[in-house]
Amino acid sequence: MEIAASLANVTKTFGSTRAADGLTLSIPRGRTVALLGPNGAGKSTAIGMLLGLLPPDSGTASLFGGDPERAVRQGRVGAMPQEGGIIARVTVRELLTFVSGTYREPLPLNRILALAQLTALADRRVDRLSGGQAQRVRFAMAIAGDPELIVLDEPTAALDVEARRELWASMRGFADRGRTILFSTHYLDEADEQADRVIVINRGRVAADGTSAEIKRVVAATTVRVTVSGEAAWLGRLPGVTGMEINGDRATLRSTDADATVIALAQAGAVRDIEVTPADLEDAFVALTTAAAPSGAALLKENA
Ligand SMILES: Nc1ncnc2c1ncn2[C@@H]1O[C@H](COP(=O)(O)OP(=O)(O)OP(=O)(O)O)[C@@H](O)[C@H]1O
């Protein structure tokens, strides 16, 4: 698999804050990958290093197997920063014509406008746009040079549901051209819906890396509840069970392989009031980003 972007064991410290602490990740070409993490997790730092804007203290950042700055200079990468200044008092068309002019082989203007769903707004002044429309102009600027990879730092922060939906429709149009998209988000549902792959970052480290289904399946254990009488310690030794709690005659098991756990319970004849609750991505995220949680990364890699 060809790799568009990677970080190999990078560290970056600001004062006493380790914004990247041995961060290793790779973004395969042609995929849409989410960097998911809470505030201050290190997402922007990771993106800054990938774009060659922030030199790592140690470790290596690379784009298309080489120096990030070179790939950026060659126009192979388009970036959409968290807040980009858009020059006021020009129209969408004028702004995009100017930006296109800075690239050797830009996309045709009509194509950029269509991909960003801005055709009807081409003659509108950029300072008269809604937040969602302005964000699509930033997206249009990022794709103007027809880059192989676009990197978007929290592209949908501060957008309402409709504006998020429209921006994602534009981004999918770009992804459908076989391009690679790396975006950061705190929205779990967005990572789940939009990304082929989710890399969870917490405290400057990769907490999990896989499809959202894998993250859900492996890390956020399914809950299996069952009523038992008598001694219950044996439940903790059932296949898949990683933790349990007993409350009166009710046992709550956390399992990474609910099927195996339920089959074993059935074989033991313990099926009274059995209840299986699958984990959702929210649970996975909370489990992964709480200090006491076991590392999901190792689990996911074993299961990958
Ligand atoms: N230039 C800087 N100077 C000092 N500290 C910084 C700087 N940039 C980032 N940090 C710190 O490094 C840590 C990681 O920040 P970063 O912005 O990468 O996180 P993030 O995951 O992008 O957060 P957010 O979701 O809030 O944007 C934070 O503790 C932040 O305060």
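Bear in mind that the values here come from a model prediction, so they are computed numbers and not experimental data.

### Concerning the overall build of the protein
Looking only at helices and strands, the protein has 11 helices and 13 strands in total. Reported as C-alpha extents along the three principal axes, the dimensions of the protein are approximately 75 × 45 × 35 Å. Within the protein, buried positions represent 42% of all 304 residues. Within the protein, contacts between residues separated by at least 24 positions form 69% of all contacts whose residues are at least 6 apart in sequence.

### Details of the nonpolar core
One broad trend across soluble globular proteins is that nonpolar side chains are buried collectively. Leu 50, Ala 140, Ile 143, Val 151 and Val 200 are the most contacted members of the largest nonpolar core, which totals 69 residues. Of the residues forming this core, the biggest block, six residues, is contributed by helix α5 (residues 131–143).

### Some remarks on the sheet that holds strand β4 (residues 58–63)
In spatial order, the strands read β2-β1-β4; together these three strands make up an open sheet with antiparallel pairing. At either margin of the open sheet sits one strand with a lone partner, and together these are β2 (17–28) and β4. Taken over all neighbouring pairs, the strand axes of this sheet differ in orientation by 15° on average, direction set aside. When strand β1 (residues 3–14) meets β4, the two strands line up antiparallel, connected through five bridges.

### Examining the packing of α5 against helix α6 (residues 161–175)
The relative placement of two packed helices comes down to the angle between their axes together with the axis-to-axis distance. Two elements in contact, α5 and α6, have axes whose closest approach is 9 Å; the angle formed by their N-to-C orientations is 15°. For the element pair α5 / α6, the angle class is roughly parallel. In terms of crossing hand, the pair formed by α5 and α6 is right-handed. The segment α5 lies against α6, with Gly 131, Gly 132, Gln 135, Arg 136, Phe 139 and Ile 143 engaging Ala 163, Glu 166, Leu 167, Ser 170 and Phe 174. Residue composition of the contact of α5 with α6, by class: five nonpolar, four polar and two charged.

### Considering the environment of Ala 5
Within the element layout of this structure, Ala 5 appears in strand β1. Since 27 C-beta atoms lie within 10 Å of it, Ala 5 is described here as buried. Each residue touching Ala 5, except ones within four places of it in the same chain, is listed here: Ile 27, Leu 50, Leu 63, Leu 149 and Leu 182.

### A word on the domain arrangement of the protein
Domain annotation for the protein reports domain 1 (3–215) and domain 2 (219–303). A separation of 37 Å is found between the C-alpha centroids of domain 1 and domain 2.

### Digging into the site of the ligand
Taken together, Phe 14, Thr 17, Ala 19, Gly 37, Asn 39, Gly 40, Ala 41, Gly 42, Lys 43, Ser 44, Thr 45 and His 186 make up all the residues around the ligand. When residues of the shell around the ligand are traced back to their parent elements, those giving at least two are β2 and α1 (43–50). Here the element with the most residues in the shell around the ligand is α1; it accounts for three residues.

### Points about the pairing of strand β11 (residues 241–247)
Both β11 and strand β12 (residues 250–255) contribute to a ladder of six bridges, which runs antiparallel. Across the sheet, Gly 243 pairs through a bridge with Arg 254, a residue of β12. What sits between β11 and β12 in their antiparallel hairpin is a turn of two residues, with Gly 248 showing a positive phi close to 65°.

### Notes on unusual backbone geometry
Residues other than glycine seldom take positive phi values, yet Arg 203 does so here, at roughly 50°. Position of Arg 203 relative to the elements: it lies in the loop between β8 (197–202) and β9 (205–210). A positive phi angle is found at Asp 273, which is not glycine, with a value near 55°. Position of Asp 273 among the secondary structure elements: in the loop between α9 (258–267) and β13 (275–277).

### Some thoughts on α6
In this model, α6 (15 residues) spans 21 Å end to end at C-alpha, consistent with the 21 Å of a helix rising 1.5 Å per residue. In this fold, the buried residues of α6 make contact with α4 (109–115), α5, β6 (149–152) and β7 (180–185).

### Description of the packing of helix α3 (residues 92–100) against α5
Running from N to C, α3 and α5 point in directions that differ by 25°, and their axes come no closer than 9 Å. In terms of orientation, α3 and α5 fall into the roughly parallel class. When you trace α3 past α5, the crossing you get is right-handed. Facing Val 92, Leu 95, Leu 96 and Val 99 of α3, the residues of α5 in contact are Val 137, Ala 140 and Met 141. For the contact of α3 with α5, the residue count by class is seven nonpolar, no polar and no charged.

### Some remarks on the pairing of β8
β8 sits mainly inside the fold: five of its six residues count as buried. Bridge analysis of strand β3 (residues 32–36) against β8 gives four bridges, and the strand direction is parallel. Its bridge partner lying in β8, Val 33 is registered against Arg 197. The pairing of β8 with β9 spans five bridges and is antiparallel. The residue of β9 that forms the bridge with Asn 202 is Arg 205. Counted between consecutive antiparallel strands, the loop separating β8 from β9 contains two residues, among which Arg 203 sits at a positive phi close to 50°.

Conventions we followed
Residues numbered from 1 in each chain as written. Predicted model: local features only at pLDDT ≥ 70, side-chain atom pairs only at ≥ 80, totals over all residues. Helix = DSSP H or I, 4+ residues; strand = E, 2+ residues; numbered from the N terminus. Buried ≥ 20, exposed ≤ 12 C-beta atoms within 10 Å, placed from the backbone. Contact = placed C-beta atoms within 7 Å. Core = buried A, V, L, I, M, F, W, Y, C linked by C-beta atoms within 7 Å. Pairing = 2+ DSSP bridges. Axes fitted to C-alpha atoms, helices over the stretch in contact; angles between N-to-C directions. Parallel < 35°, antiparallel > 145°, perpendicular 65-115°, else oblique. Left-handed = near helix turned anticlockwise from the far one by under 90°. Nonpolar A, V, L, I, M, F, W, Y, C, P; charged D, E, K, R; others polar. Domains from an automatic or database assignment. Near = placed C-beta within 6 Å. Expected span 1.5 Å × (residues − 1).

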